[in-house]
Amino acid sequence: MVGILIRMKLRVLRHSLRGTQAGLTGAGALVGLCAAVVTILVATMDFGRPGVGVDVLAAVYLLWTVGWLFGPVFTGGGDETLRPEHFAALPITPRRLAGGLLGAAFAGVPAIVTFLAFTGLVVLADGAAATVVALVVLPLQLVFVVLLSRVVMAGLGAVLRSRRGRDLGVLLAALVGLSGFAIQAALNTVGPLLVEGGSPALSTVLRVLPSGWGVVAVGAAADGQWPLVLGCVAALLLVVAGLLALWGVLLERRTTRVAVSIGPRRGRTRSGIGHRLPPTRIGAVAGKELRTWARDARRRVALLSMLIVGVVVGVVPAITGGDTGPLPFAGLVVVTMACLLAGNLYGMDGSALWHTLVVPGAEAVDVRGRQLAWLLIVGPVTLVLALVLPGVTDPGLYPWVVGLAPALLGGGAGLIMVLSVYLAYPMPDQRASPFAAGGNPGLVRGLMQLAIALLLGVVALPEIAILALGSGTPAVQWLALPVGIGVGVLCWWGLGGLAQRRLAGKGPELLAQVRKQV
Amino acid sequence: MTEALRLERLFKQFGPTIAVDHVDLSVPAGSFFGLVGPNGAGKTTSLSMAVGLLRPDGGTATIFGVDVWADPVRAKALTGVLPDGMSLPERLTGAELLTYMGLLRGMDKDTVAQRTGELLAVLELDDARDRLVIDYSAGMRKKIGLATALLHAPKLLVLDEPFEAVDPVSAATIRTILQRFVTAGGAVVLSSHVMALVEQLCSHVAVITRGRVVAAGPVAEVRGGTSLEEAFVHIVGGRTGGSEGLSWLAS
């Protein structure tokens, strides 16, 4: 059965790898290949101290394992080329299916690249006996990381299907966003410590974690410590068997239970700002948008990412560097992020666009209503941050922050609609995992999205000019505020109008673009 | 007479909603069994539990004496399923989908190739055999789903809304295929909203509403002296609305 599933997966991959998708996969393979080569080079290095080679390689393999854990979260819910649901009606036991899907998991770029990286075990091996041990633990270590990643994603998938689970998922996405900084900090401090062999506790942790067992076994074989070698191999085998059984259970749950439907939370439907909007056409669109921002898991992920990036960019340098750095400008960072993340509103709504297209004249109000909703969400956060943060750090920056905020808010409200209408791309089904939030704009579309979002910088130019020219004379600098408000209103109105005309003229083309299945 | 499918006290609850409330059903071998009921009555939920796609909260389902939830492998080998709103491996062509599903069921390569060709031809999908499933229309998806259900020559077919979105010519083809299947001793369970079709096609019918079976038996018995449609409206305790209110419509 493994053979059939592998052939099936390769066939699916061949059908889906076309154009930019193939290019992206190729680029990913190249990056992975570089990482694998670096890993092998690390394995060849001589650190001049016994045991350090094992520690360093164990640390590198821990990074690979972490990559397998978090990679799927970033790339949209893991490898769904073959879905367990497709095989639910077949007379196959869950455990056999798990075995088959595991086999198929090796047919892919990530597994091959990881295999190459793990050949570092053979490179590290000193002597014939150690080489034999390396050849034994290499496949085990590979099976371990692949299985661990599948089991964790399957477990998360099971949790994510309930509504409470979705909120948990949002939180998790937030943590993943932060973990990048944690890893960077860890590398800076841990790296030197490890090479100098200065921390026995750290080296113990690296060796005790399953990601280090293979390396430990190879190192122990070179020293002739056979009980330790056998222990490591047996432990790896045991963990792999346990994970496989667990995955079987999770697969069975996935194919025999359904999600309870996602409805509005009881008692919360009649409250909130959505109900205080005027009963006009624009009010209706804005109300619908506000509710969607609150209820669509993917939009919640986007909102939370916006806040987290704002906090990380503003606060983290302030803590680690001791300098207030960009902290006073956190509000402006939040606007910029919110603009980038809301650049595919029609793509997020998918084929629901038809509702707008069949109502005469709805295109114009749709654009304005969506702008209003975005401003209602981003505006208050930005204004609070802009009014509070300079006060606690450097009050001299008030003209800068307060002058730029309205310009960026107006510019953002205009640009999100231009982006959403001109550069929409289809996204996975709403019922999919919220981590499948990325969608895939394709290389060209992605770059153009980024480029247009950078126009937000252009919006800021007049104010920056005034602020720079008037530096030293606050009276002149405060002129940036009325100019900023003017530019903001102009952008909101003008760019929104551009989007309105495009939506009215090319509505069917936009619908065809966003309704594609991905 | 042996039973092709038997449901006993089948029960399923989603949160506070009871979707299927202790359903009992007996489908004799060689029968053509229609399952009808209003929207949201629990038809799809019952059928999913009957074929091992949704775990019941209580009760049993047996297929030719095999308990579906105790021995799913044997039960699934006897059954061909067409679920409603199913997900298909979108990036395979129709021919590839049938081939891989057949191989996964343990059939040999030549048999799979021969049956795939025949099924695609009979269901008029041979023009689309090399197109990706993602590009199929709703009706074509139903037909390729039906082909995967028939591929391994099952003893029992469980089909959820098999005629939905299918064109009249293909619908007639499917009817003929199913009738031949029943004549040869197989059993078919299908759910449908089209009463005339059920009346014409089925030997037995069960009416399910609010998660309960309210009438079941040979079609002639269930409908009595009236048409099945009238009997259905009477049984589910409804009345056809639409004549009151809405005065603003087309005024």
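Residues numbered from 1 in each chain as written. Chains lettered and ligands numbered in written order. Predicted model: local features only at pLDDT ≥ 70, side-chain atom pairs only at ≥ 80, totals over all residues.

Looking only at helices and strands, chain A features 21 helices and 0 strands. For chain A, long-range pairs separated by at least 24 residues make up 80% of all intrachain contacts whose partners lie at least 6 apart in sequence. (Helix = DSSP H or I, 4+ residues; strand = E, 2+ residues; numbered from the N terminus. Contact = placed C-beta atoms within 7 Å.)

On to the overall build of chain B, then. The secondary structure content of chain B amounts to 9 helices and 10 strands. Taking 251 residues into account, the globule formula puts the C-alpha radius of gyration at 18 Å, and chain B, at 19 Å, falls close to it. Burial status across chain B gives 46% buried among its 251 residues. Within chain B, contacts between residues at least 6 apart in sequence are counted, and of these 67% link residues at least 24 apart. (Rg over C-alpha atoms; globule rule 2.2 N^0.38 Å. Buried ≥ 20, exposed ≤ 12 C-beta atoms within 10 Å, placed from the backbone.)

This part is about the interface of chain B and chain A. Taken residue by residue, the interface counts 23 residues in chain B and 23 residues in chain A. If you list the elements that add at least two residues to the side of chain B that touches chain A, you get α2 (72-77) and α3 (94-104) of chain B. Top element by residues in the side of chain B that touches chain A is α3 of chain B. It accounts for 4 residues. When grouped by side-chain class, the residues that make up the side of chain B that touches chain A number 15 nonpolar, 2 polar and 6 charged. (Nonpolar A, V, L, I, M, F, W, Y, C, P; charged D, E, K, R; others polar.)

Residues and elements named next belong to chain B. In this fold, F33 is placed in strand β3 (residues 32-36). Placed 11 residues apart in sequence, F33 and T44 show a C-alpha to C-alpha distance of 15 Å. Look past the residues within four positions of F33 in its chain and what remains in contact with it is V27, A187, V188, V189, C202 and H204.

The next subject is the pairing of strand β8 (residues 187-191) of chain B. Residue and element names in this part refer to chain B. Summarising burial for β8: 5 of the 5 residues are buried, a large majority. Side chains A187, V189 and S191 project from β8 onto one buried face, and the interleaved V188 and L190 project onto a second face that is buried too. Sheet topology places β3 next to β8; 4 bridges connect them, and they run parallel. In the strand pairing of β8, F32 is matched with V188. (Pairing = 2+ DSSP bridges.)

Here we take up helix α10 (residues 210-223) of chain A. The α-helix winds at 3.6 residues per turn, so residues separated by three or four positions along the chain end up facing the same way. End to end, α10 of chain A covers 20 Å across 14 residues, agreeing with the expected 20 Å (1.5 Å per residue, within 8%). Looking at the residues trailing α10 of chain A, positive phi occurs at G224 of chain A, about 75 degrees. (Expected span 1.5 Å × (residues − 1).)

Next up on the list: the nonpolar core. Within the largest apolar cluster, 134 residues are counted, with the highest numbers of intra-cluster contacts made by A217 and V218 of chain A together with V188 of chain B. With 14 residues, helix α7 (residues 128-160) of chain A is the single largest residue contributor to this core. Dropping the residues within four chain positions of it, V218 of chain A is found in contact with L121, L124, A125, A130, V133, A134 and V137 of chain A. (Core = buried A, V, L, I, M, F, W, Y, C linked by C-beta atoms within 7 Å.)

It is worth spelling out the pairing of β3 of chain B at this point. All names here are of chain B. Most of β3 sits inside the fold, with 5 of its 5 residues counted as buried. Here β3 shows no split at all, with F32, G34 and V36 on one side and F33 and L35 on the other all buried. As paired strands, β3 and strand β9 (residues 204-209) are joined by 4 bridges and run parallel to one another. The residue of β9 that forms the bridge with V36 is V207.

Here we take up the sheet that holds strand β10 (residues 212-218) of chain B. All names here are of chain B. Taken in spatial order, the 6 strands of this open sheet run β6-β7-β8-β3-β9-β10, and their pairing is mixed. The open sheet has two edge strands with one neighbour each: β6 (79-82) and β10. Taken pair by pair, the neighbouring strands of this sheet meet at an average axis angle of 15 degrees, ignoring direction. (Axes fitted to C-alpha atoms, helices over the stretch in contact; angles between N-to-C directions.)

The next point concerns the environment of R210 of chain B. All names here are of chain B. Along the polypeptide, R210 turns up in the loop between β9 and β10. C-beta crowding within 10 Å serves as the criterion here: with 16 such atoms nearby, R210 is assigned to the partly exposed category. Spatially, the C-alpha atoms of R210 and K142 are 27 Å apart, while their sequence positions differ by 68 residues.

Attention now moves to the sheet that holds strand β4 (residues 58-63) of chain B. Residues and elements named next belong to chain B. Overall, antiparallel pairing links the 4 strands, which are arranged β2-β1-β4-β5 in an open sheet. Sheet topology places β2 (17-28) and β5 (66-67) at the edges, where each strand pairs with a single neighbour. Both β4 and β5 contribute to a ladder of 2 bridges, which runs antiparallel. Note on β5: the bridge partner recorded for I63 is V66. Its contacts with the sheet place helix α1 (residues 43-50) against β1 (3-14), β2 and β4, and it is angled at close to 120 degrees to β1.

Take the packing of helix α1 (residues 2-16) of chain A against α3 of chain B next. For the pair α1 of chain A and α3 of chain B, the least separation of the axes is 10 Å and the interaxial angle reads 165 degrees. Our classification of the angle between α1 of chain A and α3 of chain B gives roughly antiparallel. Between α1 of chain A and α3 of chain B lies a crossing whose hand is left-handed. Taken together, the residues of α3 of chain B that come into contact with α1 of chain A (itself represented by I4, M8 and R11 of chain A) are E96, Y100, L103 and L104 of chain B. Of the residues that constitute the contact of α1 of chain A with α3 of chain B, the class distribution is 5 nonpolar, no polar and 2 charged. (Parallel < 35°, antiparallel > 145°, perpendicular 65-115°, else oblique. Left-handed = near helix turned anticlockwise from the far one by under 90°.)

Here we come to the confidence of the model for chain B. In the predicted model, chain B carries a mean pLDDT of 90, and the fraction of residues at 70 or more is 98%. Per the prediction output, this complex has pTM 0.75; the corresponding ipTM is 0.76. (pLDDT = per-residue confidence, 0-100.)

Moving on: unusual backbone geometry. Residue and element names in this part refer to chain B. One non-glycine residue, F64, lies in the positive phi region at around 45 degrees. Structurally, the position occupied by F64 is in the loop between β4 and β5. We note that R210 has phi near 50 degrees; this positive angle belongs to a residue other than glycine.

All names here are of chain B. Running from N to C, α3 and helix α4 (residues 109-122) cross one another at 140 degrees; their axes reach a closest spacing of 9 Å. Taken together, α3 and α4 sit at an angle that is classed as oblique. Along this stretch, α3 crosses α4, giving a crossing that reads as right-handed. From α3, G94, A95, L98, T99, G102 and L103 reach across to α4, where they touch V112, R115, T116, L119 and L120.

This next bit is on helix α5 (residues 109-118) of chain A. Those residues of α5 of chain A not exposed but buried are P110, V113, T114, A117 and F118 of chain A. Taken down its axis, α5 of chain A places every buried residue within 140 degrees of arc, on the same side. (Arc of directions from axis to C-beta.)

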